[in-house]
Amino acid sequence: MSTPLAPTKNDLYAYTLRQADNSMVLCQRLCQWAARGPELEEDIGLTNIGLDLIGQARSLYQYSASLFDRPVDENDLAFLRDPHEWSNLLLVEQPNGDFADTIARQYCYDAWHLPFLEQLTASNDTTLAAIAAKSVKEARYHVRHSSMWVKRLGDGTEVSHRRMQDAITAVWPFIAEMFIADELDQRMLEIDVGVDLRALQSAWESQVSALLANATLSKPIDVKAIVGGRQGQHTEHLDDLLLEMQALPRSMPNHQW
Amino acid sequence: MTVTENSPTLSENEVKFEELLAMGAKIEPRDWMPDDYRKTLIRQIGQHAHSEIIGMQPEGNWITRAPSLKRKAILMSKVQDEAGHGLYLYSAAETLGADRTDMLEKLNNGKMKYSSIFNYPTPCWADMGAIGWLVDGAAICNQVPLCRTSYGPYARAMVRICKEESFHQRQGYEIMLTLSNGSAKQKQMAQDALNRWWWPAIMMFGPRDDQSPNSELSLKWKIKLFSNDELRQKFVDIAVPQANILGLTIPDKDLSWNEKTGHYTYGEPDWEEFFEVIRGNGPCNKERVSNRREAHENGQWVRDAAIAYAKKHAEAALSKAA
Amino acid sequence: MTHKKGYPLWEVFIRSNRGIDHKHAGSLRAADAEMALQNARDLYTRRSEGVSIWVVPSNQIVASDPDDKETLFDPAEDKVYRHPTFYSLPDELEHM
């Protein structure tokens, strides 16, 4: 039997959903900053990133929905799935904490998301490639914005340095997961639809190390990785996030809004 | 050379100023202007800016709970616009010598006011519809004439704001329309929201003309171009047919069409409540200001860090250049 | 270390399209130039208003005094020969 060149519908659905969930959960986190930013200009900046992410999530959910075996739409996927059905990375569901925690989470994700999307633009699946081509420009700005803040907080005052260092330490257990490929990732890679996650790691590490050094921050060592997001094993933070996000459509199902 | 040539007397300045106003020319930042003109503008633009910033909260509360992805994206960009509009307005006020940091401090310690409308709670999703339709609708009635206000930077900020805000009212009305055409429960949500927001929106135009202490001078200086009651009438005339299309009932038993005037006659709002909210006793006054203060205080270390970083790196660049 | 006054003020100029001058859009607050550029992008180009941005510290702008208006600008008013309409040419001349 020769290797199938096209993914199964189920695989493509699940793979697309993973990427959608990442954008959606991180967007929801940034939404929680509305009217709470450290400066009004930054409120606008964080919302711009959030708007890019919700745009990506919608394109990806719409594509996932078209692959599902019964009629669903983007809202069903976002509002009617239970936490264990979500397949986002654990990193993006971590709480906002203070501004340093938000920036640490954002930068670590952006520095992964950008090369991920760059690879995805070459996907054999033309829809995924097209969504990636649009998103890649957005991610390029995101990484610029978040790295600007890592430098300022790391190399700012004593207080900000300590907070930024603590924040980096706090997100570090969730980094390894970004580079672990499971069977689905492997299948999608073999037919040139998906991204080679392991290949992203060395570039990520050298880029992040350079920025941390520039920001006078140190890279945590000997950190035990926490994984499970892609398999629906989440930290408790996702429950709270979804409880709030899904409350209204779940309390009044089958309504138009 | 006489002294008056170098330093014109006050009256000469005043004459020039009045001439510019009479010509319909704009007053620009470095022109001479009466102290009270400057003060009135700083107060008005500052309050307007603060209203945009505080106004982010009642809607910001629903961003995380918006019931569809489309509505979430729309609400995010609307609340973001409000931050932007606040900044355009602070920017205009700063051309008059006011300082944004000072103005925000005065907002945080209650020395400067913002529109009372934002002291009402938003317990229900339909409030997002009512705010867009009625509050933004009333704001547009107020703001469109301000695009021609006499102070240049304020007028230019208003042009930009009005252009961007045109979607705000439409998205609110669309929410109301969807709810009104939805289930019985949804329609009831829409009616409840209308009941709660109608009178506060009516009062957004300020006290009746015979009770409005600042209006006369503002009209003379062309800061304001229409009186409170004129603008309020305009709003009512526009809103009533819009409510009819929604199939909702405006909670005013005195509301009727007056054939003779060609306008709607409307009832008297509860001004006692209005002044209570202005005095700080509205349902959400304390919460709104304390949220704002908290955001500011929690951000202090971030701003300090950015300033320290900028200073360090500017010094490094200087020593490199030397 | 607390800076009561916050970030310095920057003026923002936007080029809305190729072939058009940068035009003053407004001001904003930022700690340094890099942040000012990002804030300007986020604040003043949310609806694709720009293809290029300048930011300038507001205190670096040197402006003329409005009271100097007559001294500076009135002397240009009688130099009508600088404008093409000053010249009367024969009607037969179609293009010039």
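Counting from 1, residues in each chain are numbered in the order their sequence is written. Chain letters start at A and ligand numbers start at 1, both assigned in the order the entries are written. It should be noted that, the model being predicted, local features are given only for residues of pLDDT at least 70 and side-chain atom pairs only at 80 or more, the latter also being counted only at that level, while totals for whole chains, interfaces and linings use all residues. Hydrogens and water molecules were not included; the side-chain quantities draw on all heavy atoms of the structure.

> I keep staring at the overall build of chain A and nothing clicks. Help me out?
For the purposes of this entry, the term helix denotes a DSSP run of H or I that reaches at least four residues, the term strand denotes a run of E that reaches at least two, and both are numbered from the N terminus. Each helix and strand in chain A was counted, giving 10 helices and 0 strands. Seen in sequence order, chain A has helices and strands lined up from the N terminus as α-α-α-α-α-α-α-α-α-α. Atoms considered for the radius of gyration are the C-alpha atoms alone. The globule rule reads 2.2 Å times the number of residues to the power 0.38. For 257 residues, the compact-globule estimate of 2.2 N^0.38 gives 18 Å, and the C-alpha radius of gyration of chain A, at 18 Å, lies within 12% of that figure. Structurally, chain A occupies a C-alpha span of about 60 × 45 × 30 Å along its principal axes. Taking all 257 residues of chain A together, the buried fraction comes to 61%. The protein chains shown are the only cover counted for residues, whose accessible areas, like all others here, come from Shrake-Rupley with a 1.4 Å probe. Of the roughly 10,300 Å² that chain A leaves accessible, carbon and sulfur atoms contribute 52%. In this charge count, Lys and Arg are treated as positive and Asp and Glu as negative; neither His nor the chain ends contribute. Think of each charge as sitting on NZ of Lys, CZ of Arg, CG of Asp or CD of Glu. For chain A, the centre of its 22 positive side-chain charges and the centre of its 36 negative side-chain charges are spaced 2 Å apart. Only protein chains enter the accessibility calculation, which uses a 1.4 Å probe; a residue is then buried when its area is under 20% of its type maximum, exposed when over 50%, and partly exposed in between.

> What should I look at first to understand helix 10 (residues 237–251) of chain A in this one?
Structurally, the α-helix is built with 3.6 residues per turn, so residues lying three or four positions apart point the same way. Take the residue count of a helix, subtract one, and multiply by 1.5 Å to get its expected span. Taking 1.5 Å of rise per residue, 15 residues should cover 21 Å, and helix 10 of chain A covers 21 Å from first to last C-alpha, within 8% of that figure. Each residue is assigned a bend, namely the angle between axes fitted to the seven residues that terminate at it and the seven residues that start at it. At Met245(A), helix 10 of chain A shows its maximal kink, close to 45°; a proline, Pro249(A), follows between one and four residues later. Along helix 10 of chain A, the residues classified as buried are Leu238(A), Leu241(A), Leu242(A), Met245(A), Gln246(A), Leu248(A) and Pro249(A). Every residue pair with non-hydrogen atoms within 4.5 Å of one another is taken to be in contact. Where helix 10 of chain A is buried, its residues touch helix 1 (9–31), helix 3 (74–79) and helix 4 (90–93) of chain A together with helix 4 (56–63) and helix 5 (69–94) of chain B.

> Looking at this structure, I do not really get the interface of chain B and chain A. What am I missing?
Where interface size is given, it is often the accessible area lost as the parts come together that is meant. Tallying the contact residues gives 44 residues for chain B and 47 residues for chain A. Taken as a group, Leu69(B), Trp301(B) and Tyr309(B) account for 20% of the area that chain B buries against chain A, more than any other trio of residues on that side. Salt bridges are defined as contacts in which a side-chain nitrogen from Lys or Arg sits within 4 Å of a carboxyl oxygen from Asp or Glu. The interface formed by chain B and chain A holds 3 salt bridges in total. Across the salt bridge formed by Lys312(B) and Asp155(A), the nearest N and O atoms sit 3.0 Å from each other. Each polar contact in these results corresponds to two N or O atoms within 3.5 Å; when the atoms are within protein, one needs to be able to donate a hydrogen and the other to accept it, and residues that are neighboring in sequence are counted only if both atoms are side-chain atoms. The tally of links from chain B across to chain A stands at 15 residue pairs in polar contact (both at pLDDT 80 or more). Among the secondary structure elements, those contributing two or more residues to the side of chain B that touches chain A are helix 4, helix 5, helix 6 (100–108), helix 8 (152–180), helix 9 (184–203), helix 13 (285–298) and helix 14 (300–321) of chain B. Examining the composition of the side of chain B that touches chain A, we find that 12 residues originate from one element, helix 5 of chain B, more than from any other. Summed over both partners, buried area is the accessible surface (1.4 Å probe) that two parts give up on being assembled.

> How should a nonpolar patch on the surface be read in this particular structure?
On the surface, Val80(C), Tyr81(C), Phe86(C), Tyr87(C), Leu89(C), Leu93(C) and Met96(C) cluster together to form a nonpolar patch covering roughly 780 Å² of accessible area. With respect to the helices, strands and loops of the structure, Tyr81(C) is situated in the segment after helix 2 (69–73). Candidates for patches are residues over 30% relative accessible area with no salt bridge; among them, like charges are joined within 9 Å and nonpolar side chains (Val, Leu, Ile, Met, Phe, Trp, Tyr) within 5 Å.

> Can you walk me through unusual backbone geometry in this structure?
Glycine aside, the phi torsion of most residues is negative, and most peptide linkages are trans. Despite not being glycine, Asn254(A) has its phi angle at roughly 60°, a positive value. Take Asn254(A): it is sitting in the segment after helix 10. Its relative accessible area of 82% is what places Asn254(A) among the exposed residues. Backbone geometry at Ser48(C) places phi at a positive 55°, although glycine is not the residue there. Residue classification places Ser48(C) among the exposed positions, given a relative accessible area of 66%.

> Sorry if this is basic, but what is going on with the interface of chain A and chain C here?
Contacts between the two partners involve 13 residues from chain A and, on the opposite side, 13 residues from chain C. Interface area for chain A against chain C, summed over the two sides, is near 1,300 Å², with a carbon-plus-sulfur share of 52%. Looking only at chain A, the three residues that lose the most surface to chain C are Glu41(A), Tyr141(A) and Arg152(A), adding up to 42% of its buried area. Across the chain A-chain C interface, the total number found is 3 salt bridges. Two residues, Lys151(A) and Glu34(C), come together in a salt bridge whose shortest N-O distance is 3.9 Å. If you list the elements that add at least two residues to the side of chain A that touches chain C, you get helix 2 (40–67) and helix 6 (126–154) of chain A. Among the elements that line the side of chain A that touches chain C, the one with the most residues is helix 6 of chain A, at 7 residues.

> Sorry if this is basic, but what is going on with the sheet that holds strand 3 (residues 52–57) of chain C here?
Residues and elements named next belong to chain C. Note on pairing: DSSP must find at least two bridges between two strands before they are called paired. An order of 2-1-3 is seen for the 3 strands of this open sheet, with the pairing classed as antiparallel. Of all strands in the sheet, those with a lone pairing partner are strand 2 (22–29) and strand 3, marking the two edges. With strand direction ignored, the average angle separating the axes of adjacent strands in the sheet is 25°. When strand 1 (residues 9–15) meets strand 2, the two strands line up antiparallel, connected through 7 bridges. Its bridge partner being in strand 2, Val12 is matched across the sheet by Gly26. Comment: axis = line fitted to C-alpha atoms, over the contacting stretch for helices; angle = value between 0 and 180 degrees taken between N-to-C directions.

> Looking at this structure, I do not really get the pattern of salt bridges. What am I missing?
Any two side chains of opposite charge can pair, on the condition that their charged atoms come close. With the rule as written, the count across this model stands at 37 salt bridges over all chains. The salt bridge involving Arg29(C) is made with Asp99(B); its shortest N-O contact spans 3.6 Å. Highlighted residues: Arg29(C) in strand 2 and Asp99(B) in the loop between helix 5 and helix 6, drawn from two different chains. For the residue pair Arg29(C) and Asp99(B), the accessibility class agrees, reading buried in each case. Across the salt bridge formed by Arg279(B) and Glu272(B), the nearest N and O atoms sit 3.3 Å from each other. Connected through shared salt-bridge partners, Arg18(A), Asp182(A), Asp185(A) and Arg230(A) make up one network.

> Hey, could you run me through the nonpolar core in this one?
The nonpolar side chains of a soluble globular protein tend to be buried with one another. In this structure, Trp125(B) and Phe235(B) are the most contacted members of the largest nonpolar core, which totals 196 residues. Discounting residues that sit within four places of it in the chain, Phe235(B) has contacts with Leu134(B), Gly137(B), Ala138(B), Cys141(B), Trp198(B), Ala201(B), Ile202(B) and Phe205(B). Definition of nonpolar core: a set of buried residues of the types Ala, Val, Leu, Ile, Met, Phe, Trp, Tyr and Cys, connected through side-chain atoms within 4.5 Å.

No statement about biological role is implied by the geometric values presented.
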